[in-house]
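One letter stands for each residue in the lines below.
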Amino acid sequence: MSKLKEVLAGPRTKYPLVEPEEPELLRDIFPYHSVPRISFDYKIIPMEPAEEIWITDTTFRDGQQSQPPYTPDQIAAIFDYLHRMGGKNGVIRQSEFFLYSDKDKKAVEKCLERGYKYPEVTGWIRAVKEDLQLVRQMGLSETGILTSCSDYHIFLKLNKDRKKAMEGYLDLVKAALEAGIIPRCHLEDVTRADIYGFVIPFVQELMKLAEESGVPIKVRACDTMGYGVNYPEAALPRGVPKLIYALVHEGGVPSAQLEWHGHNDFHKVLINAAAAWLYGCSAANGTLLGLGERTGNPPIEGLIIEYLGLKGDPEGVDTSVITEMAEYFRHELKARIPANYPFVGTDFNTTQAGIHADGALKNEEIYNIFDTKAILNRPLEVAITDKSGMAGIAYWINRHLELTGDRMIDKRHPEVVKIQKWVEEQYKTGRVTSISEKEMYVQVKKHLPQLFHSNLDELKQRAGQIGRELVISMVENSEIRSMEVDRCLPVMIRTIDDNHFIQLIYIVDAEGNRVTRNVTQRPYRAKYEHLLKDANFSDRNWFTHPIEDGNPYLTDFYTSRITGALCITVSAPIRDKNEEIVGILGIDMRFEDLVKMEL
């Protein structure tokens, strides 16, 4: 007997839909003008962990709702980290994607091209039939469907009653089944819903459809506002243990088809996900670094460590990827990760109290949570004190500035000696705390400035990133790829209107001859549009580099002869449908205007 039929075969009360005249907003629990109440019924239900537990990912859906949009290449790189982190056994089993924009679709295509078994690529759509076409077009076998279940959403947002909402949801689920798509129904705002008046009746109908169709319809319990609590005695709808119990035992949802999705509005996001696992839910949904709408979701790296703590068996998980992933977010995506953030913060395994540092130097197990070098590829950090000596200072510099080989600083370096004397002076005046990371960076920058990039270098790097993303998006545009002037110009004009830091856009063919006129900002049109109209540009660096290696190219700084502005140029190859290079697109950018964009 299948798990689904096994669960459905047991005795179960049939719960009818309850249709109130007015929305049930549970004002005794959610008074709004004061902190929500946590009510207890003092009933204890048994802890019933699912036979198998795993993690699912929403970094590219919920996670992107709090971040500047990732490029398709960035999404593919992050997807690689998820694949490696979760291992071949699929501890990170699925990842969900938006499907609406061209960028979303390109990202899905890039991830599908990887050919990974795990994470499986799934979609997310609104509760409208038209969106199912997007899932079919992308060739996905499963999609999440927004099925809001609280009266806050049904009455106040959708302007429906419960009956109409349920009928609409079930109708869409049936359409998905007919299209050969596994529906995953997202019970939005479930911790503020009428569990036995709407949620359980709806879920029972879903499981009836699952039995009739033989398709494992899934249910995601969404703690949209972070109201869930993990206390076993807490009452519905906020009590996570009782909610999971109700969905399994009253709703008839097999554990393998049940998923938890939480938010961190009340600082309970990780412990609630663990509670869902322990009381019968197989899948815990999260995002890398916990980045998500408002306060975020369960951090996947935290779920990984929790999973290992509960299971013991690593199941192919590669925890060292957690550190690689965080570095990618920190450097490539400019994510601001607090220094004390668990597992990935720069100071998370740094002992800062002087007495702790002394103990850690003797035996790191005294103050390290586990072997962070072996598990996370993060060796223990010891903060600088009067006990560190020149060797400790040199170690700190090499570790924090990632200096290797010939670039490493020797403990006998004259400037290290000067920093050591400064440290000694701090403690001679009565200091008892360790030297902070910020203080150390100040001293190292003061004495060894050659080890650091200048602010100008960092600004240029960021400007180049913006330029590369822009030029890549343009050369992938079908109108630009046509190399037809009448199709290219509208795209070029629209781009320059939307990005005022652009001074000039132009296209030349594979021999370096101009294809389009110069497209520039209005004040410069008279000077630019016919400048060097018949010139050949095949000897310019912005032309030769992309032609030779097929990659985008960023020039050094130069001063524009027309405007006198400090500029940089980014260029990239234009390819036809056979991926042959047929031209080069160049963009001249005013550096000062880029800097003003809060680079």
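No experiment lies behind these values; they were computed from the predicted model shown.

K.L.:
Quick question: what am I supposed to make of the overall build of the protein chain here?
P.N.:
Secondary structure assignment for the protein chain yields 22 helices and 16 strands. The dimensions of the protein chain, computed from C-alpha atoms along their principal axes, are 80 × 75 × 45 Å. In the protein chain, which comprises 599 residues, the share counted as buried stands at 52%. Once local pairs closer than 6 in sequence are excluded, the contacts in the protein chain between residues at least 24 apart make up 69%.

K.L.:
I tried to follow the pattern of salt bridges on my own but got confused; where do I start?
P.N.:
Opposite charge on two side chains makes pairing possible when the charged atoms of those side chains draw close. One pass over the full model with this rule turns up 34 salt bridges. A salt bridge links Arg192 to Asp189; the nearest nitrogen and oxygen atoms lie 3.0 Å apart. With respect to burial, Arg192 and Asp189 carry one shared label: buried. Bridged by salt links that share partners, the residues Arg61, Asp62, Glu96, Glu142, Arg184, Lys218, Arg220 and Glu259 form one connected network.

K.L.:
I'm lost on the sheet that holds strand β4 (residues 142-146) in this one. Help?
P.N.:
Within a sheet, adjacent strands bond to each other through the backbone by hydrogen bonds, running parallel or antiparallel. Strands sit in the order β1-β2-β3-β4-β5-β6-β7-β8 around a closed barrel of eight strands; the barrel is parallel. Neighbouring strand axes in the sheet, compared pairwise and without regard to direction, differ in orientation by 25° on average. Relative to strand β6 (residues 218-223), strand β5 (residues 182-187) runs parallel, the two sharing four bridges. In the sheet register, Arg184 faces β6, and the bridge partner there is Lys218. Here helix α9 (residues 269-278) sits on the sheet and contacts β1 (54-57), β6, β7 (258-262) and β8 (283-286); the angle it forms with β7, its principal contact strand, is near 170°.

K.L.:
For this particular structure, what's the right way to read the packing of helix α14 (residues 389-400) against helix α15 (residues 414-428)?
P.N.:
Axis angle and axis distance: for two packed helices, these are the angle between their axes and the distance between the axes, and together they describe the pair. Packing of α14 against α15 brings their axes to within 9 Å, and their N-to-C directions diverge by 110°. In terms of orientation, α14 lies roughly perpendicular with respect to α15. With respect to the hand of their crossing, α14 and α15 are arranged in right-handed fashion. Counted together, Gly389, Met390, Ile393, Ala394 and Ile397 of α14 and Val416, Val417, Ile419, Gln420 and Val423 of α15 form the full contact between these two elements. Among the residues making up the contact of α14 with α15, the classes are represented as eight nonpolar, two polar and no charged.

K.L.:
Honestly, the pairing of β8 in this entry has me stumped. Any pointers?
P.N.:
Along any regular strand the residues' side chains alternate between the sheet's two faces. Residues Ala283 and Asn285 line one face of β8 and the alternating positions Ala284 and Gly286 line the opposite face, and both faces are buried. Looking at chain direction, β1 and β8 are connected through four bridges and run parallel. Each bridged residue has a counterpart across the sheet, and for Ile55 the counterpart in β8 is Ala284. The pairing of β7 with β8 spans three bridges and is classified as parallel.

K.L.:
Please explain the nonpolar core as it appears in this structure.
P.N.:
Within the largest apolar cluster, 96 residues are counted, with the highest numbers of intra-cluster contacts made by Val199 and Ile304. If you look at the next biggest cluster of nonpolar residues, it comprises 28 residues, including Val471, Cys488, Leu554 and Leu594.

K.L.:
Teacher, can you tell me more about the confidence of the model for the protein chain here?
P.N.:
Fine structural detail should not be taken from predicted coordinates in areas where pLDDT scores are low. When pLDDT is averaged along the protein chain, the result is 91; 94% of the residues meet or exceed 70. Throughout residues 1-5 the model reports pLDDT below 50, and contacts reaching past four residues in sequence, or to other chains, amount to ten contacts.

K.L.:
In this structure, what is going on with α15? I would like to understand it.
P.N.:
Helical geometry note: an α-helix holds 3.6 residues per turn, so side chains three or four residues apart project in the same direction. Along its 15 residues, α15 runs 21 Å from first to last C-alpha, staying within 8% of the 21 Å computed at 1.5 Å per residue. Listed as buried for α15 are Glu415, Val416, Ile419, Gln420, Val423 and Tyr427. The buried residues of α15 occupy one face: seen down the axis, they fall within an arc of 145°. Among the exposed residues of α15, those oriented more than 90 degrees off its buried face are Pro414, Lys421 and Lys428. In this fold, the buried residues of α15 make contact with α14 and α16 (437-447). Of the residues flanking the end of α15, it is Gly430, one or two places downstream, whose phi is positive at about 105°.

Calculation rules
- Residues numbered from 1 in each chain as written.
- Predicted model: local features only at pLDDT ≥ 70, side-chain atom pairs only at ≥ 80, totals over all residues.
- Heavy atoms only, no water.
- Helix = DSSP H or I, 4+ residues; strand = E, 2+ residues; numbered from the N terminus.
- Buried < 20%, exposed > 50% of the residue type's maximum accessible area, 1.4 Å probe, protein only.
- Contact = heavy atoms within 4.5 Å.
- Salt bridge = Lys/Arg side-chain N within 4 Å of Asp/Glu carboxyl O.
- Pairing = 2+ DSSP bridges.
- Axes fitted to C-alpha atoms, helices over the stretch in contact; angles between N-to-C directions.
- Parallel < 35°, antiparallel > 145°, perpendicular 65-115°, else oblique.
- Left-handed = near helix turned anticlockwise from the far one by under 90°.
- Nonpolar A, V, L, I, M, F, W, Y, C, P; charged D, E, K, R; others polar.
- Core = buried A, V, L, I, M, F, W, Y, C linked by side-chain atoms within 4.5 Å.
- pLDDT = per-residue confidence, 0-100.
- Expected span 1.5 Å × (residues − 1).
- Arc of directions from axis to C-beta.

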